[in-house]
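Listed here are the chains, written in short residue letters.
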Amino acid sequence: EPLVFESPHPHLPMAALRSVRVSAPGKVILHGEHAVVYGKLALAASLNLRTFFQITPTSDESVVLDLPDVSLQVSWPLSALAPLATFKGSVEEPAGVTPEQLAILQELAHTTAHKDNNAGHMALVSFLFLYSKIVGLQSAHIKVTSQLPIGAGLGSSAAFCVCAAAACLLSTQATTATPGGEIESVGVDLANRWAFEAEKIIHGQPSGIDNCISAFGGARRFALGKSEPLQKVPALRILLVNTRVPRSTKVLVARVRQHHTLIPPVVDALLATFETLSHTAESLYASLHDLAGSNDAAAVGEIFTKLGYLISVNQHLLNSIGVGHASLDQVCSTAHAHGLPAKLTGAGGGGCAWVLIPPGTDESVIAAVSAALVASNFEVWETSMGGKGVAEEHL
């Protein structure tokens, strides 16, 4: 008996897929990492390093996922994906997976070539989840590439999930974009909500910061589980540095908790200082935004001096709660030797740091800092913060 695949949206016929290419940014936490776990203010911004997700409809009765960055290409015949035909629901109402559905996804994602690569495996699971829920069982070739390092705390998994959700929504015409690639706001919101469900599969209890920044772009403030856009975001030029030192967010969060349990009044005082620091940074960024395009170099210079001090204090405070690392100290001291402020971003214990480049910094200084960091076997990108969120790209 032939297999009959139904639309994942019972009230809609299965829409013919259209070819789409979508991109979404990574994120950098500017201030408030770790303190945000205790309800304090954190500021995060999108990063001009992006993940690209392309769907091309085919007629070969298979779904092919090509992930060249993790050296993986998987092809599933539609017949093998038949168990996913029951993953029905409303595209407008993002829903997570049941334990039974997760077991099916895990089984389908289990490729012998890839059992040792957790990042690749989780990408397959989250992709199958989103594709089956939004697109249903239709033939396509999907290619994903990224400028973001994996597992470095820059939101690579969220960028993948946001891209995947938005591409599926656009490909099935469940949402639309302008000729310039701007996705309608209801579509961005929907992609964000679907991505959050996929992030739960990967991380268990994600904060939602990463998918929010990737979907909406710009910069956002987070406190007590609520997220709001920062209205005034200056264009900031930074060096992003990957120490290549692996770390576990879970272990580092537990370490701060341990210190808090040990001497609560001291750690509470530090957490209060983190909050003051985040509020001060927010007002400095707003002032910079207001001065954009003005010729008041003295006022801009003074703000960058304050920001530089604030970034350095922030890094010392993070060391004091136990989330520093020798590699991060090295990044900061190298930057400071050239007159530039730097701090870790994210969980700490390795991972990434960012270096602020004030306006008027000589290009030779930036080249020298970059060369010194690369000589220490760190990975360095020059990029900017606060750019656009998820968007459709020209094919």
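As the structure is a computational prediction, the values presented were derived from the model and not from experiment. (Residues numbered from 1 in each chain as written. Predicted model: local features only at pLDDT ≥ 70, side-chain atom pairs only at ≥ 80, totals over all residues. Heavy atoms only, no water.)

> So what exactly am I meant to see when it comes to the overall build of the protein chain here?
Looking only at helices and strands, the protein chain features 10 helices and 12 strands. Once the C-alpha set of the protein chain is aligned to its principal axes, its extents read approximately 75 × 50 × 40 Å. Per-residue burial for the protein chain yields a buried fraction of 52% across its 395 residues. Partitioning the contacts of the protein chain with sequence separation of at least 6, the portion at a separation of at least 24 is 76%. When the accessible surface of the protein chain is totalled, it reaches about 16,800 Å², and 56% of it is carbon and sulfur. (Helix = DSSP H or I, 4+ residues; strand = E, 2+ residues; numbered from the N terminus. Buried < 20%, exposed > 50% of the residue type's maximum accessible area, 1.4 Å probe, protein only. Contact = heavy atoms within 4.5 Å. Areas by Shrake-Rupley, 256 points an atom, 1.4 Å probe, with all protein chains shown as cover.)

> Where do I start with the packing of helix H2 (residues 118–135) against helix H3 (residues 156–171) in this structure?
If you want to describe how two helices pack, look at the angle between their axes and the distance between the axes. Interaxial distance between H2 and H3 falls to 9 Å at its minimum, and their mutual angle equals 25 degrees. Here H2 is positioned roughly parallel relative to H3, judged by the angle of their axes. For the crossing formed where H2 meets H3, the hand is right-handed. Residue-level contacts link Ala-123, Ser-126, Phe-127, Leu-130, Tyr-131, Ile-134 and Val-135 of H2 to Phe-160, Cys-161, Ala-164, Ala-165, Cys-168 and Leu-169 of H3. By residue class, the composition of the contact of H2 with H3 is 12 nonpolar, one polar and no charged. (Axes fitted to C-alpha atoms, helices over the stretch in contact; angles between N-to-C directions. Parallel < 35°, antiparallel > 145°, perpendicular 65-115°, else oblique. Left-handed = near helix turned anticlockwise from the far one by under 90°. Nonpolar A, V, L, I, M, F, W, Y, C, P; charged D, E, K, R; others polar.)

> Whenever I open this one, the packing of aromatic side chains confuses me. Can you help?
Describing an aromatic ring pair means giving the distance of the ring centres and the angle of the ring planes. Counted by the stated rule, this structure contains five aromatic pairs. Relative to Phe-127, the ring of Phe-53 has its centre 6.4 Å away and its plane inclined at 35 degrees; by these criteria the two rings are tilted. In this pair, Phe-53 is assigned in strand S2 (residues 42–57) and Phe-127 in helix H2, connecting sequence segments 74 residues apart. Both residues of the pair, Phe-53 and Phe-127, belong to the buried class. Ring geometry for Phe-53 versus Phe-160: centroids 6.1 Å apart, planes at 70 degrees, classification edge-to-face. Placement of Phe-53 in strand S2 and of Phe-160 in helix H3 is noted, with a sequence separation of 107 residues between them. (Phe/Tyr/Trp six-rings, centres within 6.5 Å; stacked < 30°, edge-to-face > 60°.)

> I tried to follow the state of the cysteines on my own but got confused; where do I start?
Every disulfide links exactly two cysteines, by a covalent bond between their sulfur atoms. Under the defined criterion, the tally for this structure stands at zero disulfides. Cys-163 provides the cysteine sulfur closest to Cys-161, a residue in no disulfide bond, and the two sulfurs are 9.7 Å apart. The buried category is assigned to Cys-161, whose relative accessible area is 0%. Lacking any disulfide linkage, Cys-168 is separated from the closest cysteine sulfur, that of Cys-163, by 10 Å. (Disulfide = S-S within 2.5 Å.)

> Is there a simple way to think about the side chain of Ser-62 in this case?
Within the element layout of this structure, Ser-62 appears in strand S3 (residues 62–67). Ignoring any residue separated from it by four or fewer positions in sequence, one finds Ser-62 in contact with Ser-75, Trp-76, Pro-77, Leu-78, Ser-139 and Ala-140.

> What am I meant to see in the pattern of salt bridges here?
Opposite charge on two side chains permits them to pair, given that their charged atoms come into close proximity. Evaluated as defined, the whole model comprises 12 salt bridges. Two residues, Asp-210 and Lys-27, come together in a salt bridge whose shortest N-O distance is 3.3 Å. Here Asp-210 is found in helix H5 (residues 209–216), whereas its partner Lys-27 is found in strand S1 (residues 20–31), with 183 residues between them in sequence. The partner of Lys-388 in a salt bridge is Glu-393, with the nearest N and O atoms 4.0 Å apart. The structure contains a network of salt bridges with shared partners spanning Arg-221, Glu-228 and Glu-282. (Salt bridge = Lys/Arg side-chain N within 4 Å of Asp/Glu carboxyl O.)

> What is the right way to look at the pairing of strand S10 (residues 352–356) in this model?
Burial of S10 is extensive: five of the five residues sit out of reach of the surface. Note that strand S8 (residues 236–242) and S10 share five bridges and pair antiparallel. Residue Leu-240 lies in a different strand from S10, and its bridge partner there is Trp-354. Counted along the chain from strand S9 (residues 342–345) to the antiparallel partner S10, the turn is six residues long, and its residue Gly-346 has a positive phi close to 95 degrees. (Pairing = 2+ DSSP bridges.)

> Is there a simple way to think about the nonpolar core in this case?
If you look at the biggest cluster of nonpolar residues, it comprises 61 residues, and the most contacted ones within it are Leu-30, Leu-47, Leu-240, Tyr-285, Trp-354, Leu-356 and Met-385. The dominant element in this core, judged by the number of residues it contributes, is helix H7 (residues 264–291), at nine residues. With residues near it in sequence (within four places) discarded, Met-385 still touches Val-28, Leu-30, Ala-45, Ser-46, Leu-47, Pro-234, Leu-236, Ile-238 and Trp-354. Core analysis: the next-biggest nonpolar cluster, separate from the first, contains 57 residues, Val-22, Ala-165, Ala-166 and Ile-201 among them. (Core = buried A, V, L, I, M, F, W, Y, C linked by side-chain atoms within 4.5 Å.)

> Looking at this structure, I do not really get the confidence of the model for the protein chain. What am I missing?
Caution applies to low-pLDDT regions: their predicted coordinates should not be interpreted in detail. Residues of the protein chain with pLDDT of at least 70 account for 94%, and the chain-wide mean is 91. A low-confidence stretch, residues 1–6 (pLDDT under 50), is modelled with 10 contacts involving residues beyond four sequence positions or located in other chains. (pLDDT = per-residue confidence, 0-100.)

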